[in-house]
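Chains, contacts and geometry: an overview
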Amino acid sequence: MAAALDEDEIDNDDYYSLLNVRKEATQDELKASYRRLCMLYHPDKHRDPELKRQAEQLFNLVHQAYEVLSDPQSRAIYDVYGKRGFRTLKKNVLLIVHCLTQGTISVGIDATDLFDRYEEDYEEISGGDGGGGGGLPHIEINKMHISQSIEAPLTTTDTAILSGSLSTHNGNGGGNINLALRRVTSAKGWGEVEFGAGDTHGPLFGLKIFRNLTSRCFTTAHCGMQFSSRGIRPGLTTMLARHLDKNTMGYLQWRWGTQSSMNTSIVRDTKSSHFTFAVQLGIPHTFIMMSYQYKFQDDDQTKIKGSVKSGFFGTVVEYGAETKISRHSILGATVSVGVPQGVSLKIKLNRASQTYFFPIHLTDQLLPSAVFYATVGPLVFYLAIQRLVIRPYVRAQQEQELEKQRESSASDIAKKKQEAEAAVMLMQESVRRIIEAEESRMGLIILNAWYGKFVTDNSRKHERARVIDVTVPLQCLVKDSKLILTEASKAGLPGFYDPCVGEEKSLKMLYQFRGVMHQCLCGDTEALRIPKQSHRIDNDS
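No experiment lies behind these values; they were computed from the predicted model shown.

1. Observations concerning the side chain of S261
Take S261: it is sitting in strand β10 (residues 261-269). Apart from residues no more than four positions distant in its own chain, S261 is found in contact with Q253, W254, R255, Q280, L281 and G282.

2. Some remarks on helix α2 (residues 27-41)
If you check α2, its first and last C-alpha atoms are 21 Å apart, about what 15 residues at 1.5 Å a residue would give, namely 21 Å. Residues of α2 that are buried: L30, S33, Y34, L37, C38, L40 and Y41. Each buried residue of α2 lies within a common arc of 155° when the element is viewed along its axis, so the set occupies one face. Looking at α2, the residues exposed on the side facing more than 90 degrees away from the buried face are D28, R35 and M39.

3. Overview of the confidence of the model for the protein
When pLDDT is averaged across the protein, the result is 84; 87% of the residues are at 70 or more. Across the protein, the element-wise mean pLDDT spans from 48 in helix α5 (residues 120-125) up to 96 in strand β12 (residues 287-295). Under a pLDDT of 50 for its full length, residues 1-12 has, in the predicted model, 30 contacts with residues more than four places off or in other chains. In this model, residues 129-133 is a region of pLDDT below 50 whose contacts with residues beyond four sequence positions or in other chains number 7 contacts.

4. Some details on the packing of α2 against helix α3 (residues 49-69)
One way to put it is that α2 packs onto α3 with a least axis distance of 9 Å and a crossing angle of 170°. One way to sum up the angle between α2 and α3 is to call them roughly antiparallel. On the side of α2, the interface is formed by Q27, L30, K31, Y34, L37, C38 and Y41, while α3 contributes A55, L58, F59, V62, H63, Y66 and L69. Considering only residue class, the contact of α2 with α3 consists of 11 nonpolar, 2 polar and 1 charged.

5. Observations regarding the nonpolar core
Counting residues in each nonpolar core, the largest one holds 27 residues, and the members touching the most others are L19, L30, Y41, V62, L69 and M427. Within the residue set of this core, elements represented by two or more residues are α1 (15-19), α2, α3 and α7 (410-440). Looking at which element gives the most residues to this core, the answer is α3, with 9 residues. When neighbours within four sequence positions are excluded, L30 is seen to be in contact with L19, V21, A25, Y66, L69, S70 and R75. If you look at the next biggest cluster of nonpolar residues, it comprises 25 residues, including Y451, L477, A491 and L507.

6. Details of the layout of surface pockets
Of the pockets and cavities examined, the largest pocket occupies roughly 1400 Å³. Lining the largest pocket are 41 residues; nearest its centre among them are K324, I325, S326, Y382 and Q386. Examining the composition of the lining of the largest pocket, we find that 19 residues originate from one element, helix α6 (residues 368-408), more than from any other. Each pocket or cavity is described by its volume, and for the second largest pocket that value is around 910 Å³. For the second largest pocket, the lining is made up of 34 residues, of which N20, S33, R36, L477 and K479 are closest to its centre.

7. Here we look at the packing of aromatic side chains
Counted according to the given criterion, the structure contains 8 aromatic pairs. Geometrically, the ring pair formed by F195 and F205 is tilted, given 5.7 Å between the ring centres and 55° between the ring planes. Taken together, the positions of F195 in strand β5 (residues 189-198) and F205 in strand β6 (residues 204-214) put the pair 10 residues apart, joining distant regions of the chain. Overall, F205 belongs to the partly exposed group, its relative accessible area being 33%. Linked through ring pairs, F115, F372 and Y373 together constitute an aromatic cluster. The ring of W190 is capped by R182, whose NZ or CZ atom sits 4.6 Å from the centre of that ring. Above the plane of the ring of F287 lies K309, whose end atom (NZ or CZ) is 4.3 Å from the centre.

8. Quick word on unusual backbone geometry
For residues that are not glycine, phi is negative in most cases, and the peptide bond is trans in most cases. Here the bond from V339 into P340 is cis, since omega is 10°, no more than 30 degrees from zero. Topologically, P340 is positioned in the loop between β15 (329-339) and β16 (342-351). The omega torsion of the bond from I530 to P531 falls at 10°, within 30 degrees of zero and hence cis. On the secondary structure map, P531 appears in the segment after β23 (528-530).

9. Some details on the environment of L30
Take L30: it is sitting in helix α2. For the pair L30 and Y66, spaced 36 residues apart in the sequence, the C-alpha separation amounts to 7.0 Å.

10. Here we look at the side chain of R75
Residue placement: R75 occurs in helix α4 (residues 72-91). The buried category is assigned to R75, whose relative accessible area is 13%. Those residues in contact with R75 that sit more than four places away from it in its chain are Y16, R22, K23, E24, A25, L30, V68 and L69.

Quick notes on the rules
- Residues numbered from 1 in each chain as written.
- Predicted model: local features only at pLDDT ≥ 70, side-chain atom pairs only at ≥ 80, totals over all residues.
- Heavy atoms only, no water.
- Helix = DSSP H or I, 4+ residues; strand = E, 2+ residues; numbered from the N terminus.
- Contact = heavy atoms within 4.5 Å.
- Expected span 1.5 Å × (residues − 1).
- Buried < 20%, exposed > 50% of the residue type's maximum accessible area, 1.4 Å probe, protein only.
- Arc of directions from axis to C-beta.
- pLDDT = per-residue confidence, 0-100.
- Axes fitted to C-alpha atoms, helices over the stretch in contact; angles between N-to-C directions.
- Parallel < 35°, antiparallel > 145°, perpendicular 65-115°, else oblique.
- Nonpolar A, V, L, I, M, F, W, Y, C, P; charged D, E, K, R; others polar.
- Core = buried A, V, L, I, M, F, W, Y, C linked by side-chain atoms within 4.5 Å.
- 1 Å grid on protein atoms, 1.4 Å probe; cavity = no way out; pocket = protein on both sides within 12 Å on 5 of 7 lines; lining within 4 Å.
- Points joined across faces, edges and corners; volume = space filled by probe spheres on them.
- Phe/Tyr/Trp six-rings, centres within 6.5 Å; stacked < 30°, edge-to-face > 60°.
- Lys NZ or Arg CZ within 6 Å of the ring centre and 35° of its normal.

Set out below in structure tokens:
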């Protein structure tokens, strides 16, 4: 006998997967899937008390999924917070407050002694002790900056932002603290009031406004006043932005104050690349800049980038890369070569919402040796650390998390299994009718279907395949000789459950269409549409 469904135990249900619709599904697609499942699970279709009870529970779950996804506001909440967050907000039991924290720690390192040391004979002629040229190079930390901000919603329309920073450079330091209050005035805009104080400047007062002018265009304006012993220093910044196409934005910015300037830029961001072109006319900074970033479509989210910037200050060329080293960490390195700036290496680590930045100044000159070591050194160091430290650590962490996940979800898996078995029992009559209809037109018949972890590697024969039979659930989804599965985990489909939590799963299927045998294998979250000519078994022979 299947156990009763406990709402608190099924928080992991994916409403999209349950209804077998895309996350971008329209109202018509939601309604069609909802009606189909309602016909399948309607309690009045079953006379057996146990089947009737199970049908009623599944019917209510389907109705709940449709009720959430069919309402735009509820759907938006569900997409962000999931089922538990949606229920909490909906019942007004608790105001979910996301305190967004962001921090930056920057440590500037002066390593010019590595490449710009005086020759030993010069030091001896100058009256030195003669030991400086042969000693260790002098590397020092010459500047440091620490900043932190906390953004906390006060109400559904009001947000408070508290931020502060401390910095020091060559023994001289300072700091400031700011408080901003933001209110969403309408669906088209918001306003923000800012107060601040610090030892680098006196009290600060600012006002910022954001406004959507059209569906493709928005503007911002920021005005502020700094109070100091020299008087009041006002400032004004305005920006106009417009969507030029789906992936391209254009910006116009005007700044008036201590550093007045006019800036125009075009930013194009796609799935595989990011391009920026900017021109600025200002006092004292006038420049032209172009940058390009290529995004590899891999699990590590690797990116390589390059940029060139030229202006009154000189010319700077930068190139670098970044990659994901763990679930919450991204490591990047950039080499900066410029005139008259010299050569620098910038290392950045993003850990969740914290950023650690280490700019290392190598030389004031354009030395090929400095460029070579700044390029090759971090790459060799990263490959060694990746192989000896990061990969073993991540692998051990994944194994520990997988074991914990299995232990914590053991009871839930048992309930899901019972729920899936009950759903399969309710599908039997519908599947019988579908098969009869498909056989009459020589349509789509699912002969065998298995879902879970398959062991195909000879080196892993000792592992046991963990799969479940999903022939009946898939046949039940066949309509007009077609089976369409969306891009979502198939564990949420009616009649499915996860037989191997936390492990890679796939769906293997043997089916018949127009009297010809077909077979296919697809990943857990891959979309699937059958029948397909490429699945014919006789094509492979």
